[in-house]
Amino acid sequence: MKKLFFTLLFAVVLSAISASAQKIELEKVIIDKDSCTITRKSDGKVFNLYGDVEIVEDYSSADFCVKLVDAYIFADVCIQMVNYSYTKCCEFQKVNSFGNVKVKIVDAYSFADICVKLVNSFPCINH
C-alpha cells in the first residue's frame, strides 16, 4: 500500500513539473510553449508568438514593450524575422500597419515586458 501511494505521489509531482515547464511566468507576461502564445498579465489578453509584427513609437498603442538583447542567455524568446509566410513559432514578418502584435522597442530592462534576441535561424522560446 505504501509503495502504491508513493508511486502515485511521484506520478502527480512529475506531472505537475512537466505541465508547469510548458508555461513560463515572467514578471509581466506568461509564455505558453505548447500553444506558442504570450499572455499579458495586466488584462489576460493572449497573442500568438508568430505572425505580423508592427513596430510602434507610442507606448499607448503597443501591446508589448520589447528589449532587444545581444546575448542568448538574456533572451526570453529568440525571434526570426522572415519575408515570407511564417510557419513556425517565433517567426515574425514586419509590417507597417495592422500587425497581429504591436511592439515598442525600449532601451531599459525595467520598461520591458519581454527580452528578445533576433536570430537568423532556429527561433525558439528560450526557457
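Residues numbered from 1 in each chain as written. Predicted model: local features only at pLDDT ≥ 70, side-chain atom pairs only at ≥ 80, totals over all residues. Heavy atoms only, no water.

(A) Layout of the overall build of the protein. The secondary structure content of the protein amounts to one helix and 11 strands. Going residue by residue from the N terminus, the α and β elements of the protein occur as α-β-β-β-β-β-β-β-β-β-β-β. Put simply, the protein has 127 residues, and 39% of those count as buried. A sequence separation of at least 24 residues applies to 69% of the contacts in the protein between residues at least 6 apart. (Helix = DSSP H or I, 4+ residues; strand = E, 2+ residues; numbered from the N terminus. Buried < 20%, exposed > 50% of the residue type's maximum accessible area, 1.4 Å probe, protein only. Contact = heavy atoms within 4.5 Å.)

(B) Looking closely at the pairing of strand 10 (residues 114-119). With five of six residues buried, strand 10 lies mostly within the body of the structure. Here strand 6 (residues 64-68) pairs with strand 10 via three bridges, running parallel. For Val-66, the partnering residue across the bridge sits in strand 10 and is Ile-114. For strand 7 (residues 77-81) and strand 10, the ladder comprises four bridges, and the chain directions are parallel. By the bridge assignment, Cys-78 is partnered in strand 10 with Lys-117. (Pairing = 2+ DSSP bridges.)

(C) The arrangement of the nonpolar core in detail. Membership of the largest hydrophobic core comes to 20 residues, with the highest contact counts inside it found for Ile-31, Ile-38, Leu-49, Phe-64, Val-101 and Ile-114. The set of elements that each furnish at least two residues to this core consists of strand 2 (29-32), strand 6, strand 7, strand 9 (101-106) and strand 10. Dropping the residues within four chain positions of it, Val-101 is found in contact with Phe-47, Asp-52, Val-53, Glu-54, Asp-63, Phe-64 and Phe-92. Counting residues in each nonpolar core, the second largest holds five residues, with Val-69, Ala-75, Cys-78 and Cys-115 among its members. (Core = buried A, V, L, I, M, F, W, Y, C linked by side-chain atoms within 4.5 Å.)

Fair warning: the whole summary comes from geometry, so function is off the table for now.
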